Amino acid sequence: MAVARLVATVAAPLDPASADAPQVLHRPGRRLLLQRGDTELVALDLDVDTAGGRLTEARFPAPWPRRFGSVTVSPEGEAAVFAGVHAVRCVEASGATRWEVRHGCWEGEDPHTHTSFAEYADDEDHWSADNGSAAFSADGKLVWAHVRGPLGDDGGTEDDQELWLVIDATNGTVLGRANTMTVASSSEHTPHPDPAQMGLSVGEGEEGSPVLRGRWDGQRLTTEQLDIERIPLAVSPSGRHLLTVPLEQGTLSLHRVEDGTVLRELDAQGTVTPHPGNTGGDRIYWDHEAAFVDEDTVVVGTSVCDARYGTVRHWLVDVREMTLRGEIFYPFPVSGPPRSAGGGTWYTVSEDRASLHLWRP
């Protein structure tokens, strides 16, 4: 048994009725709450708030509504990068565009390029377009972006390719690129504490979910595929280990990041006790998010399969032996999966998405 201690409860800065749920972005020494609305992104400095000081806030005007892509923020919170249907754009809190990298459109089979959002704002086909993603390196000097070719400056030589880019976060120069050899409906980056490394998970619908690892040596981007049907959950604080589940989410796997080797595994079925409300013997499976508390300990959940029966459950797992330490008990019911917040903490989002709770053992 483990008991969770509440570190802080932070109110979502935007109305949850018209914004995404709040989330935590963490890098070494920095932790930000992010919430995306259709017209702006808000970033709150969580470390200032939990220390009892004045909560600082930055607001970034959004170049397009939230249905048209994803967003991330630099570790220092001074710039936001919006990964959209036709471009990756870096925006400052003042509203100024720092840089933009245009690329092929994620909608449809023809990777045509657009010069502005206005060209497709009212096109229903673009409302449900496929999408890539972007993430800052741990030191904030690079932006890694998964886009569809061609880039706006290459004359169409990379049509029908999906590209992984390494971009200079200061001026938008594309430093390196590689063909991911994927056909994405969506993607998500998994940041690594080493600024020269990054993970990328590509959702291909029924075709699979390739996991890629990228390395930037200052001159060349090299990539390798770790698996084709896995979902990355979290990277350990040292960056040496990666936690994943297969697409059916039945087995928790600990990988060595260096070569992708599976070191240890833990099945949900037969390890986790059935939910008190689960009297029909329904399958038990892990969530697709988790959090490393330290190098040897992770918080994982079975919230999705628990939700139909009542209170969701989270578990403490010792990854040295891949054993279940026990269920985590909270001072009040929580919702959703546990998500990483860095510094030995994790977070949950309230059911109404109006607040975010930070926890530690």
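Everything that follows concerns the structure shown earlier in this document.
A short tour of the structure in this document, coming up. Note that the structure is a prediction, hence the values are computed from the model and not measured. (Residues numbered from 1 in each chain as written. Predicted model: local features only at pLDDT ≥ 70, side-chain atom pairs only at ≥ 80, totals over all residues. Heavy atoms only, no water.)

Quick word on unusual backbone geometry
Right, so step 1: Across the junction of G149 and P150, the peptide omega takes the value 5°, indicating a cis bond.
Right, so step 2: Mapped onto the elements of the fold, P150 is located in strand 12 (residues 142-151).
Right, so step 3: Despite not being glycine, M322 shows a phi value in the positive range, around 55°.
Right, so step 4: Along the chain, the position of M322 falls in the loop between strand 25 (314-318) and strand 26 (323-329).
Right, so step 5: The class for M322 is buried, based on a relative accessible area of 5%.
Right, so step 6: A positive phi angle is found at R353, which is not glycine, with a value near 65°.
Right, so step 7: Along the chain, the position of R353 falls in the loop between strand 28 (345-349) and strand 29 (355-360). (Helix = DSSP H or I, 4+ residues; strand = E, 2+ residues; numbered from the N terminus. Buried < 20%, exposed > 50% of the residue type's maximum accessible area, 1.4 Å probe, protein only.)

Looking at the layout of surface pockets
Right, so step 1: Empty space within the second largest pocket amounts to approximately 180 Å³.
Right, so step 2: Around the second largest pocket, the lining is made up of 14 residues, and of these P333, V334, S335, G336 and E351 lie nearest the centre.
Right, so step 3: Of the residues belonging to the lining of the second largest pocket, the class tally is six nonpolar, seven polar and one charged. (1 Å grid on protein atoms, 1.4 Å probe; cavity = no way out; pocket = protein on both sides within 12 Å on 5 of 7 lines; lining within 4 Å. Points joined across faces, edges and corners; volume = space filled by probe spheres on them. Nonpolar A, V, L, I, M, F, W, Y, C, P; charged D, E, K, R; others polar.)

Describing the sheet that holds strand 29
Right, so step 1: The strand order across the open sheet built from four strands is 2-29-28-27, with neighbouring strands paired in antiparallel fashion. Edge positions in the open sheet fall to strand 2 (5-11) and strand 27 (339-342), since each of these has one partner strand only. On average, adjacent strands in this sheet sit at an angle of 30° to one another, irrespective of strand direction.
Right, so step 2: Summarising the sheet, strand 2 and strand 29 pair through six bridges and their orientation is antiparallel. In the strand pairing of strand 29, V10 is matched with L356. (Pairing = 2+ DSSP bridges. Axes fitted to C-alpha atoms, helices over the stretch in contact; angles between N-to-C directions.)

As for the pairing of strand 19 (residues 230-235)
Consecutive side chains of a regular strand alternate in pointing toward one face of the sheet and then the other.
Right, so step 1: For strand 19, the tally of buried residues reaches six of six residues, placing the bulk of the element in the interior.
Right, so step 2: Across five bridges, the pairing between strand 19 and strand 20 (residues 241-246) is antiparallel. Bridged to V235 within strand 20 is L242.
Right, so step 3: Connecting strand 19 to the antiparallel partner strand 20 that follows it, the hairpin turn spans five residues, and G239 within it adopts a positive phi of roughly 85°.

Points about the environment of F329
Right, so step 1: The residue F329 is located in strand 26 in this model.
Right, so step 2: Sequence-distant contacts of F329, defined by excluding residues within four places in its chain, comprise M1, A2, V3 and A4. (Contact = heavy atoms within 4.5 Å.)

Details of the packing of aromatic side chains
Right, so step 1: Under the defined criterion, the tally for this structure stands at three aromatic pairs.
Right, so step 2: Where Y330 meets W359, the ring centres are 4.7 Å apart and the plane angle is 75°; that geometry is what we call edge-to-face. Of this pair, Y330 sits in the loop between strand 26 and strand 27 while W359 sits in strand 29, placing them 29 residues apart in sequence.
Right, so step 3: An angle of 50° between the planes, with centres 5.3 Å apart, marks the rings of F332 and W359 as tilted. (Phe/Tyr/Trp six-rings, centres within 6.5 Å; stacked < 30°, edge-to-face > 60°.)

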